[in-house]
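# Observations on chain architecture
So you can see what is in the structure, the chains are spelled out below.
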Amino acid sequence: MKIIVFGATGGVGKHVLKQSLEKGFEVTAFVRTPSKIELVHEQLYIVQGDAFNKDEVAAAIAEHDAVVSCLGSSQGMKKSSELEEMTKNIVDGMKAQNVKRIVYTASAGINKEIPGISGKLVMKLLKNALVDHRNAVDYIQAHGLNYTIVRPMGLTNNDLTGTYRESKVGIPDKAKSISRADVAHFIVKALSDEQYENTSVGIAT
């Protein structure tokens, strides 16, 4: 499988590169700053570009089997449409290049699905990022792509375990967190497993 990863230098993206190469995939990392990629591998290709540049995104997507987005917003907790804008460029590029498969890393809370008082507080705190992710996901789902939306709970830097819980409705019971390495594990797994096609999956340890 030949995949292109957007957000490849981020916390989850770095793990996606490593784990997908270990699985034998051919991987393109689309990055603004190539020097941030420390990994060297004969199956790894680096394309320098800006996800806000529609033409650069579309050109990079050509001849890939699937797209992985691990993009984050530079605006933190502030109101922003960065994720939506970059995702529109990716989706439009996929349509132009006839690439159908995308795994998009969003966040738990985009469907207002975190239960309880603590859930409401978390969703209020993350409101702006969740709205941006939600708009990005809506654009993906409106354009006839074969998608998997990943909704991880709070991200940690713990080690890869390969053991976590999944829920296609809401989030796993009493879910709190998941390591970035395990989120990457799910992404790589979902790419080649038909049960995750056109699904939105909440994940947590």
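Structure: above.
Residues numbered from 1 in each chain as written. Predicted model: local features only at pLDDT ≥ 70, side-chain atom pairs only at ≥ 80, totals over all residues. Heavy atoms only, no water.

## Re the sheet that holds strand β3 (residues 44–48)
On the basis of which strands lie adjacent, the open sheet formed by eight strands has the order β3-β2-β1-β4-β5-β6-β10-β8 and mixed pairing. The strands lining the two open edges of the sheet, one partner per strand, are β3 and β8 (165–167). Each adjacent strand pair in this sheet contributes to an overall mean axis angle of 20°, direction not counted. With five bridges connecting them, strand β6 (residues 146–152) and strand β10 (residues 199–204) associate as parallel partners. When the sheet's bridge partners are listed, I149 is paired in β10 with S200. Packing of helix α1 (residues 11–22) onto the sheet brings it into contact with β1 (2–6), β2 (26–31), β3 and β4 (66–69), and relative to β2 it is tilted by some 165°. Contacts from helix α2 (residues 54–61) reach β1, β2, β3 and β4 within the one sheet, and its direction differs from that of β1 by about 155°. (Pairing = 2+ DSSP bridges. Helix = DSSP H or I, 4+ residues; strand = E, 2+ residues; numbered from the N terminus. Axes fitted to C-alpha atoms, helices over the stretch in contact; angles between N-to-C directions. Contact = heavy atoms within 4.5 Å.)

## Section: the pattern of salt bridges
Scanning the entire structure with this criterion turns up seven salt bridges. Notably, a salt bridge pairs E26 with K2, separated by 3.9 Å at the nearest N-O pair. Of this pair, E26 sits in strand β2 while K2 sits in strand β1, placing them 24 residues apart in sequence. Look at E26 and you get partly exposed, because its relative accessible area is 26%. Exposure remark for K2: the relative accessible area of 22% places this residue in the partly exposed category. (Salt bridge = Lys/Arg side-chain N within 4 Å of Asp/Glu carboxyl O. Buried < 20%, exposed > 50% of the residue type's maximum accessible area, 1.4 Å probe, protein only.)

## Considerations on helix α5 (residues 127–141)
Taking 1.5 Å as the rise per residue, α5 with 15 residues should run 21 Å; its terminal C-alpha atoms sit 21 Å apart, in good agreement. Regarding α5, the residues found buried are L130, D132, H133, A136, V137, Y139 and I140. The inward-facing, buried residues of α5 abut α3 (82–97), β5 (101–105), α4 (116–125) and β6. (Expected span 1.5 Å × (residues − 1).)

## Here we look at the environment of G119
Structurally, G119 can be placed in helix α4. For G119, a relative accessible area of 1% puts it in the buried group. Sequence-wise, G119 and I149 are 30 residues apart; in three dimensions their C-alpha atoms are separated by 20 Å.

## Digging into the nonpolar core
Membership of the largest hydrophobic core comes to 34 residues, with the highest contact counts inside it found for F6, I61, V67 and I90. Listed by contribution, the elements that provide at least two residues to this core are β1, α2, α3, β5, α5 and β6. Other than its neighbours up to four places away in sequence, I90 contacts F6, V57, I61, V67, S69, L71 and I102. Counting 30 residues, the second-largest nonpolar core is a separate cluster that includes A66, V68, I187 and V201. (Core = buried A, V, L, I, M, F, W, Y, C linked by side-chain atoms within 4.5 Å.)

## Things to note about the packing of α2 against α3
As a packed pair, α2 and α3 sit with axes 8 Å apart at the nearest point and diverge in direction by 45°. If you check the angle between α2 and α3, you find them oblique. Seen from above, α2 lies across α3 with right-handed handedness. Here α2 contributes K54, V57, A58, A59 and I61 to the contact with α3, which in turn contributes N89, I90, D92, G93, M94 and Q97. Taken together, the residues of the contact of α2 with α3 sort by class into six nonpolar, three polar and two charged. (Parallel < 35°, antiparallel > 145°, perpendicular 65-115°, else oblique. Left-handed = near helix turned anticlockwise from the far one by under 90°. Nonpolar A, V, L, I, M, F, W, Y, C, P; charged D, E, K, R; others polar.)

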